[in-house]
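Each chain, written out:
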Amino acid sequence: VTITTRLLVSHLSGIRHYEKDIAKVKEEKEKANRALRPAKPQQDKDQREGKGTEKPDSAKPRKEQDGETRSRNSKPGRRDKEFEQEEYYLKEKFESVIDSLKIFKNDPLFFKPGDQFLYSTYGFTLLSAVVERAAGQKFTDYMLKMFRDLDMLSTVLDDNEAMIYNRARCYVYNKKGRLVNAPYVDNSYKWAGGGFLSSVGDLLKFGNALLYSYQAGQFKGSAGKLLPGYLKPGTVSMMWTPVPKTEVSWDRDGKYAMAWAVVEKQQQCGCCRQQRHYASHTGGAVGASSVLLILPEELGPAAGGAPPRGVVVTIVCNMQSVSLSGTALKIAREFDREKRAR
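The written sequence of each chain sets the order in which its residues are numbered from 1. Per-residue local features of the predicted model are confined to residues with pLDDT of at least 70, and side-chain atom pairs are confined, for both listing and counting, to 80 or more; whole-chain, interface and lining totals are unaffected and use all residues. With hydrogens and water set aside, each side-chain value is computed from the structure's full complement of heavy atoms.

1. Focus on the packing of aromatic side chains
Here's step 1: Only rings of Phe, Tyr and Trp enter the pairing, Trp through its six-membered ring, and a pair is recorded when the two centres are within 6.5 Å. The plane angle decides the type: under 30 degrees is stacked, over 60 is edge-to-face, the rest tilted. As enumerated under the stated definition, the model contains 11 aromatic pairs in all.
Here's step 2: Here the aromatic residues Tyr 18, Phe 83, Tyr 88, Tyr 89, Phe 104, Tyr 122 and Tyr 189 are joined through ring pairs into a cluster of three or more.

In structure tokens form, the structure reads like this:
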């Protein structure tokens, strides 16, 4: 088979995630697919006529609210099954991303590349090895130079040995629901998929740099007055274009693109719910959760001012398994509504 960098960046490579049992992965995917399927017409009719032992509709949360309801009502101390995977807690220090490939390089692919979506941190580990060979330097050095260019001076490697000013302590809930310190782990096996430390300020700079790059070409009257974006507008548009056969676990409206979850602008019928275009990604690690969401402003043909125009929201939490995407979207919409009101 052939695995391209585009397949890696969209999680269509077939490379496994932390779960090694393909039967369990397929079972979980089937459960998720069943939850998204609409109810059969006969079932709807039986519910309307009061048949069976089902509770009336008014007593049940709507399916599209299930995820948000569970997140709102979840109690402190809940344990995320994903974090029961032993490879989250690796303590071995790898000297290079090439060296860390040995964890999974001999494992079978779960799916034929390009056939199915499977989120894979190890897919990004392989992607970092591609970057390292193409750049001709260590992946970590390449990334740290990029962060300096973007003025993200607080973004560093999560190196356990280094003395890092203001490094936050991370927490988890134990089996009794009590707050404890997160266990020791070494993230050198997944620099690209969760091995950097950052701050809210730096992530906002990163989001604004992408938003600027995305919009720079849309300000026609500013030719020669604007500095170029860090990336070409077409590159960001490509990164934020949904890829077929993908899915997003944290946003029902979204599809996966290239390293981003994307919701497209849409309104099916008049007076129906309007869907704004935005890009986001969540992060989950041992003892930490995060989200970065970018809501571009809808620009007219004669947009004045200068980019970036829109709302960038980031939340960083030193607590494991915290759902933050819904909160970030609500904050972004509130700021966007306030801007339009002015």
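2. A few points about helix H11 (residues 325–341)
Here's step 1: For H11, which comprises 17 residues, the first-to-last C-alpha distance of 24 Å matches the rise-based estimate of 24 Å (1.5 Å per residue) to within 8%.
Here's step 2: For H11, the set of buried residues is Ser 325, Ala 328, Leu 329, Ala 332 and Asp 336. When H11 is viewed along its axis, its buried side chains cluster within an angular range of 95° and face the same direction. Facing away from the buried side of H11 by more than 90 degrees, the exposed set consists of Lys 330 and Ala 341.
Here's step 3: Pairs of residues are marked as contacts when any of their non-hydrogen atoms sit within 4.5 Å. Only runs of H or I of at least four residues qualify as helices and only runs of E of at least two qualify as strands under DSSP, and these elements are numbered from the N terminus. Buried residues along H11 sit in contact with strand E7 (278–285), strand E8 (288–296) and strand E9 (310–317). Here the expected span of a helix is defined as 1.5 Å times the quantity of residues minus one. To sort residues, take the accessible area from a 1.4 Å probe on protein chains only and compare it with the maximum for the residue type: under 20% means buried, over 50% means exposed, and anything in between is partly exposed. Taking the helix axis as origin, the arc is that swept by the directions to the C-beta atoms.

3. Some remarks on unusual backbone geometry
Here's step 1: Of note, the bond from Pro 307 into Pro 308 is cis; its omega dihedral lies within 30 degrees of zero at 0°.
Here's step 2: By the element assignment, Pro 308 lies in the loop between E8 and E9.
Here's step 3: The backbone of Asn 166 shows a phi angle near 65°, a positive value even though the residue is not glycine.
Here's step 4: Of note in this structure, Ser 321 is not a glycine but carries a positive phi near 60°.
Here's step 5: Along the chain, Ser 321 falls in the loop between E9 and H11.

4. Focus on the pattern of salt bridges
Here's step 1: Salt bridges are defined by distance alone: a side-chain nitrogen of Lys or Arg within 4 Å of a carboxyl oxygen of Asp or Glu. The tally for this structure, following the rule as stated, stands at 18 salt bridges.
Here's step 2: Its salt-bridge partner being Glu 28, residue Lys 31 comes within 4.0 Å of it at the nearest N-O pair. Of the two residues, Lys 31 and Glu 28 are both situated in helix H2 (residues 22–36); the distance of three residues between them amounts to about one turn of the helix.
Here's step 3: Since its relative accessible area comes to 41%, Lys 31 is described here as partly exposed.

5. Things to note about the nonpolar core
Here's step 1: For the purposes of this section, nonpolar cores are sets of buried Ala, Val, Leu, Ile, Met, Phe, Trp, Tyr and Cys residues that join through side-chain atoms within 4.5 Å. Tyr 122, Leu 210, Trp 240, Trp 260 and Ile 294 are the most contacted members of the largest nonpolar core, which totals 41 residues.
Here's step 2: Those elements that place two or more of their residues in this core are helix H1 (5–9), helix H6 (121–135), helix H7 (139–149), helix H9 (200–215), helix H10 (233–239) and E8.
Here's step 3: The residues touching Tyr 122, leaving out its near neighbours within four places in the chain, are Ile 15, Arg 16, His 17, Tyr 18, Glu 87, Ile 103, Phe 104 and Tyr 189.
Here's step 4: Counting 12 residues, the second-largest nonpolar core is a separate cluster that includes Val 291, Leu 293, Leu 324 and Ala 328.

6. A word on the side chain of Ser 100
Here's step 1: You can see Ser 100 is positioned in helix H5 (residues 97–100).
Here's step 2: From its side chain, Ser 100 meets the backbone oxygen of Val 97 in a polar contact 2.8 Å long.
Here's step 3: Apart from residues no more than four positions distant in its own chain, Ser 100 is found in contact with Phe 94, Thr 125, Ser 188 and Tyr 189. Distance and chemistry together define a polar contact, namely a pair of N or O atoms within 3.5 Å, with one atom able to donate a hydrogen and the other to accept it when in protein, and with adjacent residues in sequence counting only for side-chain atoms on both sides.

7. Observations regarding the pairing of E7
Here's step 1: Where strand E6 (residues 261–263) lies against E7, three bridges are found, and the strand directions are antiparallel. Looking at E7, one finds that Val 262 is bridged to Ala 279.
Here's step 2: Across seven bridges, the pairing between E7 and E8 is antiparallel. When the bridges of E8 are listed, Thr 282 appears paired with Val 291.
Here's step 3: When DSSP finds two or more bridges between a pair of strands, those strands are recorded as paired. In textbook terms, the turn of a hairpin is the stretch between consecutive antiparallel strands, and for E7 and E8 this stretch comprises two residues, one of which, Gly 287, has a positive phi near 85°.

8. Description of the environment of Pro 242
Here's step 1: Within the secondary structure layout, Pro 242 lies in the loop between H10 and strand E5 (255–256).
Here's step 2: Separated by 232 residues in the primary sequence, Pro 242 and Ser 10 place their C-alpha atoms 9.2 Å from one another.
Here's step 3: Dropping the residues within four chain positions of it, Pro 242 is found in contact with Lys 255, Tyr 256, Ala 257, Val 262 and Glu 264.

9. What about the sheet that holds E9?
Here's step 1: Sheet architecture is open: five strands sit in the order E5-E6-E7-E8-E9, paired in antiparallel fashion. Each edge of the open sheet is held by one strand with a lone partner, namely E5 and E9.
Here's step 2: Relative to E9, E8 runs antiparallel, the two being bridged by eight bridges. Along E9, the bridge assignment pairs Leu 292 with Thr 314.
Here's step 3: Every angle, taken between N-to-C directions, lies between 0 and 180 degrees, and every axis is a line fitted to C-alpha atoms, over only the stretch in contact when it is a helix. Of the strands in this sheet, E8 and E9 are in contact with H9, which crosses E9 at around 150°.
Here's step 4: Its contacts with the sheet put H11 on E7, E8 and E9, and the angle it makes with E9 is roughly 150°.

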